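# Secondary and tertiary structure notes
Each chain, letter by letter, is given below.
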Amino acid sequence: MGNKFLNTTSKIIIILAIISGIIFTFSILSSAKESPNQTNRNKEEISYLDTKLLSLINYLNNIDLQNYKVVLSKVETTSSSSNSSEKEQQSNDQEDSAESGTDSKEKTLSKMEQETIIKENQEVDWKSIEGELEILCSTWSSIVLDLYDLGINSDDILNFSNDLDEAIINVKNKDKAISCMYLAKLYSYLPKFLDKNLGDEIKAKALETKTYIVNAYAFAETKNWNKMETEIVKAENLLVGLVNDANLVDDERKYNINKAYILTEELKNSLSTQDTGIFYVKYKNVLEQLNIID
């Protein structure tokens, strides 16, 4: 009787052990499958925050990172069976177009027009910025969950939420300098939110470099040239590290890194003029180049 009980108990223990093993294996496999999805989602979310915050920051001074805009125009072309005396017949063709054998076709042409980088004396569209911040606020509530799942520092997540509220308040108050500071502060969290499992050193450092460039831009609102230089030097040092990194010699982004470094040097040199207009032009050039790397 005792042996029979022990045998039954042993079988139950073995069965439970097998079930536990299956559950453990399944959980490991599930985690392995979810990890790449989490990483991809993190990349997309950081990219969204990057684009959204940069557009809001730059909008305070009507800076557009797009060099050109596409202009569409429509032209009417005519074809006739007769090619002679085309110029002399032009007025007659227009008057008798309904009765003649001339065919009219409308073609759409597109051309690129260069936009001015700094648009002077333009009012800040506070209503649009406020609306975009509210959209960001609603999107942030879903991004938060993913950041917690990745094990991102909870204090950084909470501080971002608080600073986002402060940014909205100052935009509503139409305080340009403080709004710019808070938007730059929000942008500085992005390297902290980047998934460490990405393993892309260049992407991480390019993003960090942009935070320093954006900080310098924020200090330009109060013309604090010393702090602007301090932030640009930080960006410069990061880029020097990438330029001199022997492990990145064969990376296809090496050329763009070198170019970004040169443009950052030009940005730093522009501070001697103490002219915000010149600074904004150089700032725009650096950010566009860093966006290519990123």
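Keep in mind it's a predicted model, so treat the numbers as computed, not measured.

### Quick notes on the layout of surface pockets
Taken as a whole, the second largest pocket encloses approximately 180 Å³ of empty space. Along its surface, the second largest pocket is lined by 12 residues, and Ser47, Asp50, Thr51, Lys210 and Asn291 are the ones closest to its centre. Elements that contribute at least two residues to the lining of the second largest pocket include exactly helix H1 (2–59) and helix H7 (201–220). At six residues, H1 tops the list of elements feeding residues into the lining of the second largest pocket. Of the residues belonging to the lining of the second largest pocket, the class tally is four nonpolar, four polar and four charged.

### Overview of the packing of helix H4 (residues 154–172) against helix H5 (residues 176–187)
The N-to-C vectors of H4 and H5 enclose an angle of 155 degrees; their axes lie 9 Å apart at closest approach. Relative to H5, the element H4 is oriented roughly antiparallel. Judged by the sense of rotation from one axis to the other, the crossing of H4 with H5 is left-handed. Within the contact between the two elements, H4 uses Phe160, Asp163, Leu164, Glu166, Ala167, Asn170 and Val171 and H5 uses Ile178, Ser179, Tyr182, Leu183, Lys185 and Leu186. In the contact of H4 with H5, the residues fall into eight nonpolar, two polar and three charged.

### Thoughts on the nonpolar core
Of all hydrophobic cores here, the largest spans 65 residues; its most connected members are Leu133, Trp140, Leu183, Phe193, Tyr217, Phe279 and Tyr283. Beyond its immediate stretch of four places on either side in the chain, Tyr217 contacts Ile57, Asn58, Leu60, Asn61, Ile63, Cys180, Phe279, Tyr280 and Tyr283.

### Digging into the packing of aromatic side chains
The tally for this structure, following the rule as stated, stands at nine aromatic pairs. A ring pair is formed by Trp140 and Phe160, whose centres lie 4.1 Å apart and whose planes are at 35 degrees; its orientation type is tilted. With Trp140 in helix H3 (residues 126–149) and Phe160 in helix H4, this residue pair connects regions lying 20 residues apart in the sequence. Feature note: the residues Trp140, Phe160, Tyr189 and Phe193 constitute an aromatic cluster, connected by ring pairs.

What counts, and at which threshold
Position numbers for residues start from 1 in each chain and track the written sequence from start to end. Only residues with pLDDT of at least 70 are given local features in this predicted model, and only at 80 or more are side-chain atom pairs given and counted; all residues enter the totals for whole chains, interfaces and linings. Only heavy atoms go into the side-chain values, all of them from the structure, while hydrogens and water stay out. A 1.4 Å probe that fits but cannot get out identifies a cavity on a 1 Å grid over protein atoms alone, an open set with protein on both sides within 12 Å along at least five of seven lines counts as a pocket, and a residue lines either if it has an atom within 4 Å of a point. Grid points are joined across faces, edges and corners, and a volume is the space filled by probe spheres set on the points. Only runs of H or I of at least four residues qualify as helices and only runs of E of at least two qualify as strands under DSSP, and these elements are numbered from the N terminus. Think of it as three bins: nonpolar holds Ala, Val, Leu, Ile, Met, Phe, Trp, Tyr, Cys and Pro, charged holds Asp, Glu, Lys and Arg, and polar takes everything else, Gly as well. The angle between two axes is taken between their N-to-C directions and runs from 0 to 180 degrees, where each axis is a line fitted to C-alpha atoms and a helix contributes only its stretch in contact. Angle categories: roughly parallel below 35 degrees, roughly antiparallel above 145, roughly perpendicular from 65 to 115, and oblique for all the rest. Crossing handedness follows the turn of the near helix against the far one: under a right angle anticlockwise gives a left-handed crossing, and clockwise gives a right-handed one. Here, residues are in contact when the closest pair of their heavy atoms is within 4.5 Å. Nonpolar cores are built from buried Ala, Val, Leu, Ile, Met, Phe, Trp, Tyr and Cys residues. Side-chain atoms within 4.5 Å join them into one set. Note on classification: 1.4 Å probe, protein chains only; a residue is buried when its accessible area is under 20% of the maximum for its type, exposed when over 50%, partly exposed between these limits. Ring pairs shown here join Phe, Tyr and Trp side chains whose ring centres sit within 6.5 Å, with only the six-membered ring taken for Trp; geometry is labelled stacked below 30 degrees between planes, edge-to-face above 60, and tilted in between.

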